[in-house]
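# An overview of the molecular structure
Listed here are the chains, written in short residue letters.
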Amino acid sequence: MTTPFSRRTLLSRGKAREVADACRAYGVGVAVFVNPLTDHQRAVLSDMFGCVVLSGEDLR
């Protein structure tokens, strides 16, 4: 774990780009995080990924 996580995304910058590329390549409609997300994190990730982003808490 040499690359620090971003508080904006809960991911490292490179991993966030990797997931965003995969979401777009495979036409992902919803990305679900097990970790709780703030409203700001959810918005940033939705913009990056191009899809709806939920946390496990949203599925209860």
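Keep in mind the model is a prediction, meaning the values are calculated, not measured.

### Let's talk about the nonpolar core
- Counting residues in hydrophobic clusters, the biggest one holds 11 residues: Leu11, Ala16, Ala20, Cys23, Ala31, Phe33, Leu37, Leu45, Phe49, Cys51 and Val53.
- At the level of secondary structure, the elements contributing two or more residues to this core comprise helix H1 (13-25), strand E1 (30-33) and helix H2 (39-49).
- In terms of residues, this core owes the most to one element, H1, which gives 3 residues.
- If sequence neighbours within four positions are ignored, Ala16 has contacts with Thr9, Leu11, Met48 and Phe49.

### Points about the pattern of salt bridges
- Taken as a whole and assessed by the stated rule, the structure comprises 3 salt bridges.
- One salt bridge in this structure joins Lys15 and Glu18, with 3.3 Å as the shortest N-O distance. Here Lys15 pairs with Glu18, and both are found in helix H1, just 3 residues apart, close to one helical turn.
- You can call Lys15 partly exposed: its relative accessible area is 37%.
- Judged by relative accessible area, Glu18 falls into the partly exposed class, the value being 48%.
- Salt-bridge contacts for Arg42 lead to Asp39; the nearest nitrogen and oxygen are separated by 3.1 Å. Of the two residues, Arg42 and Asp39 both sit in helix H2, 3 residues apart, roughly one turn of that helix.
- Looking at Arg42, the relative accessible area reads 16%, which means it is buried.
- Salt bridges sharing common partners tie together Asp39, Arg42 and Asp58.

### Section: H1
- For H1, built from 13 residues, the straight-helix expectation of 18 Å at 1.5 Å per residue is met to within 8% by its first-to-last C-alpha distance of 18 Å.
- Turning to H1, its buried residues number three or more, namely Ala16, Ala20 and Cys23. All buried residues of H1 lie within an arc of 60 degrees about the axis, which places them on one face of the element. Seen from the buried face of H1, the exposed residues on the opposite side, beyond 90 degrees, are Asp21 and Ala25.
- Residues of H1 that are buried in the fold lie against H2.
- Positioned one or two residues after H1, Gly27 has a phi angle of 65 degrees, which is positive.

Each value, and the rule that gives it
Residues numbered from 1 in each chain as written. Predicted model: local features only at pLDDT ≥ 70, side-chain atom pairs only at ≥ 80, totals over all residues. Heavy atoms only, no water. Core = buried A, V, L, I, M, F, W, Y, C linked by side-chain atoms within 4.5 Å. Buried < 20%, exposed > 50% of the residue type's maximum accessible area, 1.4 Å probe, protein only. Helix = DSSP H or I, 4+ residues; strand = E, 2+ residues; numbered from the N terminus. Contact = heavy atoms within 4.5 Å. Salt bridge = Lys/Arg side-chain N within 4 Å of Asp/Glu carboxyl O. Expected span 1.5 Å × (residues − 1). Arc of directions from axis to C-beta.

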